[in-house]
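Descriptive analysis of the structure
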Amino acid sequence: MDKEKELPKRKDIRLKNYDYSSPGAYFVTICTENRKNYFWNGSIDPQTFKWCSVGANCVRPQNLPLSNIGKTVLDELELWNQTYPAVSLYSYVIMPNHLHIMVVISADEYGRPQVAPTVERMVKQFKGAITKKVCKPIWQKSFIEHVIRNIKDYETRLNYIYENPIRWYYDELYTEE
């Protein structure tokens, strides 16, 4: 039997006929292969954990016990806004085996979309840059994205990013490895 026929077909998780380079906000989760804990060394102290603003449109957590690979991911995330002029990385959190990012693609002053890559293209380039810098593949195939539809949805996703480090041990992506 041909090996290709044995493999299950992946379910398409993207919205049909949706332009993922159109202006709007997107919540993205990117996981490591087999949910391996590459990004933290140790655990966080909820008493000292805090968030800080890094620029006009970006908030990031402080005091995360980032590993060397986690620091590489942080460095690449900090380049995001310079890499894509029409895109803002609004908020993010690096967890032990995944990361969540809030990406906003802007329109110009007349509401017209600016030239922006698709969310898929940005994630692919980000994952490729990290793989090259750490000299080994660490990513799960694909990623999960959610198109933010309204202010309540936006606030819910932003709150999830903020609370994720404190709730790590209860997270569906939690592993002890």
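Only a predicted model underlies this, so the values are computations on that prediction, with no experimental measurement involved. Here the residue index of a chain counts from 1 through its sequence in written order. In view of the model being predicted, local features appear only for residues whose pLDDT reaches at least 70, and side-chain atom pairs are presented and counted only at 80 or more, with totals across whole chains, interfaces and linings using the full set of residues. Processing note: side-chain calculations cover all non-hydrogen atoms of the structure and skip hydrogens and water entirely.

Moving on to the overall build of the protein. Counting from the N terminus, the helices are the DSSP runs of H or I reaching at least four residues and the strands are the DSSP runs of E reaching at least two. Assigned secondary structure in the protein consists of four helices and six strands. In the protein, the succession of helices and strands from N to C terminus is α-β-β-β-α-β-β-α-β-α. For the protein, the residues scored as buried account for 45% of the 177 residues in total. Any two residues whose heavy atoms approach within 4.5 Å are treated as being in contact. Within the protein, contacts between residues separated by at least 24 positions form 69% of all contacts whose residues are at least 6 apart in sequence. Carbon together with sulfur atoms contributes 50% to the accessible area of the protein, which is approximately 10800 Å² in total. Buried means the residue's accessible area, taken with a 1.4 Å probe over protein chains only, is under 20% of the maximum for its type, while exposed means over 50%, and partly exposed covers the values in between. Areas reported as accessible are Shrake-Rupley estimates using a 1.4 Å probe. Residue values count occlusion only from the protein chains shown.

Even without being glycine, Asn 34 reaches a positive phi, approximately 55°. Within the element layout of this structure, Asn 34 appears in the loop between strand 1 (24-31) and strand 2 (50-53). According to the relative accessible area criterion, Asn 34 is exposed, its value standing at 70%.

With that settled, consider the packing of aromatic side chains. Only centres within 6.5 Å qualify two rings of Phe, Tyr or Trp (six-membered ring in Trp) as a pair; their planes then separate them into stacked at under 30 degrees, edge-to-face at over 60, and tilted for everything else. Per the counting criterion, the structure on display carries six aromatic pairs. Aromatic pair Phe 27 and Tyr 160: ring centres 6.1 Å apart, planes at 85°, arrangement edge-to-face. A residue pair is termed long-range when its members are at least 10 positions apart, and Phe 27 in strand 1 and Tyr 160 in helix 4 (residues 151-163) qualify at 133 residues. Given the relative accessible area of 6%, Phe 27 is considered buried. Seen in terms of ring centroids, Tyr 90 and Tyr 154 are 5.9 Å apart; in terms of plane orientation they differ by 55°. Their pairing is tilted.

Within the secondary structure layout, Ser 142 lies in the loop between helix 3 (119-134) and strand 6 (144-147). Overall, the relative accessible area of 32% leaves Ser 142 in the partly exposed class. For the pair Ser 142 and Ile 30, spaced 112 residues apart in sequence, the C-alpha separation works out to 7.7 Å.

As a further point, take the confidence of the model for the protein. A score from 0 to 100, pLDDT tells how confident the predictor is in each residue. Looking at the protein, pLDDT values average 82 and 74% of them are 70 or higher. Mean pLDDT across the secondary structure elements of the protein bottoms out at helix 1 (residues 3-6), with 56, and peaks at helix 3, with 95.

In contact at an axis separation of 10 Å, helix 2 (residues 68-83) and helix 3 are set at 140° when each is read in the N-to-C sense. When the interaxial angle is binned, helix 2 and helix 3 end up oblique. Along this stretch, helix 2 crosses helix 3, giving a crossing that reads as right-handed. Two secondary-structure elements touch here, helix 2 through Ile 69, Thr 72, Val 73, Glu 76, Leu 77, Leu 79 and Trp 80 and helix 3 through Met 122, Phe 126, Ala 129, Ile 130, Lys 133 and Val 134. The classification used treats Ala, Val, Leu, Ile, Met, Phe, Trp, Tyr, Cys and Pro as nonpolar, Asp, Glu, Lys and Arg as charged, and all other residues, Gly among them, as polar. Class assignment of the residues belonging to the contact of helix 2 with helix 3 gives a composition of 10 nonpolar, one polar and two charged. Fitted lines through C-alpha atoms serve as axes, helices being fitted only where they are in contact, and the angles separating the N-to-C directions of these axes extend from 0 to 180 degrees. If an angle is under 35 degrees, it is roughly parallel; if it is over 145, roughly antiparallel; if it lies from 65 to 115, roughly perpendicular; otherwise it is oblique. Left-handed describes a crossing whose near helix is turned anticlockwise from the far helix by less than a right angle; the clockwise case is right-handed.

On to helix 2, then. With 16 residues, helix 2 extends 22 Å from end C-alpha to end C-alpha; this agrees with the ideal 22 Å at 1.5 Å per step. The complete set of buried residues in helix 2 reads Ile 69, Gly 70, Thr 72, Val 73, Leu 74, Glu 76, Leu 77 and Trp 80. Expected helix span is computed as 1.5 Å times (number of residues minus one).

Moving on, we get to the environment of Val 93. In this structure, Val 93 sits in strand 4 (residues 87-94). On the basis of relative accessible area, Val 93 is assigned to the buried category, the value being 0%. Between the C-alpha atom of Val 93 and that of Leu 64, which follows or precedes it by 29 residues, the distance is 9.3 Å.

Time to look at the pattern of salt bridges. Two side chains that carry opposite charge are able to pair once their charged atoms sit near each other. Salt bridge, as applied in this entry: a Lys or Arg side-chain nitrogen positioned within 4 Å of an Asp or Glu carboxyl oxygen. Per the stated rule, a full pass over the model turns up two salt bridges. Notably, a salt bridge pairs Glu 76 with Lys 133, separated by 2.5 Å at the nearest N-O pair. Placement of the pair is Glu 76 in helix 2 and Lys 133 in helix 3, with a sequence separation of 57 residues. On the accessibility criterion, Glu 76 (14% relative accessible area) is buried. Of the residues examined, Lys 133 reaches a relative accessible area of 47% and is grouped as partly exposed. In this structure, the salt-bridge partner of Arg 157 is Asp 153, at a minimum N-O distance of 3.3 Å. Placement of both Arg 157 and Asp 153 in helix 4 is noted, with a separation of four residues, approximately one turn of the helix.

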